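The chain contents come next:
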Amino acid sequence: ALPEAPTRDARFLPDSPESLLTLFDPAHKRLFLIDRNTRTLYPIQETIEEVRNAAWSPKKNRLIWNTGTTIGLLDLERSAREVLVEGTKKIQDIVWDPENEYVFYTVGENIRVREVDNRDARNDTELTTIPKRKGLLVSGDGKRLYTNGWYNEKEQLLAVTVADR
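Residues numbered from 1 in each chain as written. Predicted model: local features only at pLDDT ≥ 70, side-chain atom pairs only at ≥ 80, totals over all residues. Heavy atoms only, no water.

(A) Structural context of the overall build of the chain. A tally of regular secondary structure across the chain gives zero helices and 15 strands. A compact globule built from 165 residues should have a C-alpha radius of gyration of about 15 Å, and the chain, at 16 Å, falls within 12% of that. Within the chain, buried positions represent 42% of all 165 residues. For the chain, contacts bridging at least 24 residues in sequence account for 26% of all contacts bridging at least 6. A total of about 9,600 Å² of accessible surface is found on the chain, and carbon and sulfur atoms cover 46% of it. (Helix = DSSP H or I, 4+ residues; strand = E, 2+ residues; numbered from the N terminus. Rg over C-alpha atoms; globule rule 2.2 N^0.38 Å. Buried < 20%, exposed > 50% of the residue type's maximum accessible area, 1.4 Å probe, protein only. Contact = heavy atoms within 4.5 Å. Areas by Shrake-Rupley, 256 points an atom, 1.4 Å probe, with all protein chains shown as cover.)

Put into structure tokens, the structure is as follows:
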């Protein structure tokens with residue numbers, strides 16, 4: 001059976017690999033990969049429901065997505081799909097480390113980091129807790145994360161040091 005066509009509210013994700021277009025359809029809460037050469041549509045829906053956001057890695061070889069309770073990973077080089085984080089409530093933001101080795105994500109007021117390299121056992125660590133936190137960006141060198149949050153009884157842009165690199 002053919003997948004249901006994306007709605008006109010669908011939008012392309014930036015930073016897709018050169019050979020692919022990535023389309024996110026919020027109405028159906030699905031991701032689609034479109035081969036630029038054959039114009040073939042590949043829905044990524046077998047293991048993904050309720051997609052909230054997604055992002056390509058800096059090397060454009062891996063795609064992460066967030067369902068609100070799960071973070072999934074599609075690795076194009078290995079043709080593999082896996083679950084990185086599962087059963088966590090209220091995952092909001094997901095962003096890649098510039099070196100392609102970590103995914104930063106938020107759960108409520110907590111900012112966490114998950115290793116995504118090829119080791120067997122991957123660490124998942126809470127970095128900090130910021131009250132009334134919104135949004136998440138990573139610096140170009142991966143040393144800092146930026147978020148809006150409450151500090152000294154007012155909302156402001158906050159920087160979190162990740163590591164010495």
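(B) Region of the structure containing the environment of E155. Of note, E155 is situated in strand 15 (residues 154-161). The spacing of E155 and L137 is 18 residues in sequence and 16 Å in space, taken between C-alpha atoms. Residues in contact with E155, not counting those within four places in the same chain, are K134, N148, G149 and W150. Of the polar contacts made by the side chain of E155, one reaches the side chain of K134; its length is 3.1 Å. (Polar contact = N/O pair within 3.5 Å; in protein donor to acceptor, adjacent residues only side chain to side chain.)

(C) How the structure looks around the packing of aromatic side chains. The final tally for this structure, using the stated rule, is zero aromatic pairs. The residue whose ring lies beneath K132 is W150, and the NZ or CZ to ring-centre distance is 4.6 Å. (Phe/Tyr/Trp six-rings, centres within 6.5 Å; stacked < 30°, edge-to-face > 60°. Lys NZ or Arg CZ within 6 Å of the ring centre and 35° of its normal.)

(D) Spotlight on the pairing of strand 9 (residues 91-96). Of all six residues in strand 9, five are buried, a share of seventy percent or more. The pairing of strand 9 with strand 10 (residues 102-107) spans four bridges and is antiparallel. Bridged to I91 within strand 10 is V107. Hairpin connection, strand 9 to strand 10: the antiparallel pair is bridged by five residues, and N100 has positive phi, about 75°. (Pairing = 2+ DSSP bridges.)

(E) A look at the sheet that holds strand 9. Ordered by their spatial adjacency, four strands build an open sheet running 9-10-11-12, and the pairing between neighbours is antiparallel. Across the chains shown, the open sheet's two edge strands, defined by having one partner strand only, are strand 9 and strand 12 (124-129). Strand-to-strand twist across the sheet, computed as the mean angle between neighbouring axes with direction ignored, equals 25°. (Axes fitted to C-alpha atoms, helices over the stretch in contact; angles between N-to-C directions.)

(F) Up close: the nonpolar core. Formed by 13 residues in total, the largest nonpolar core has its most connected members in I64, I71, L84, I91, W96 and Y105. Going through the elements one at a time, strand 7 (70-75), strand 8 (80-86), strand 9 and strand 10 are the ones with two or more residues in this core. Sequence-distant contacts of I71, that is, excluding residues within four places in its chain, are made with I64, W65, V83, L84, V85, I91, I94 and Y105. Membership of the second largest hydrophobic core comes to 11 residues, among which are L20, F24, A54 and W56. (Core = buried A, V, L, I, M, F, W, Y, C linked by side-chain atoms within 4.5 Å.)

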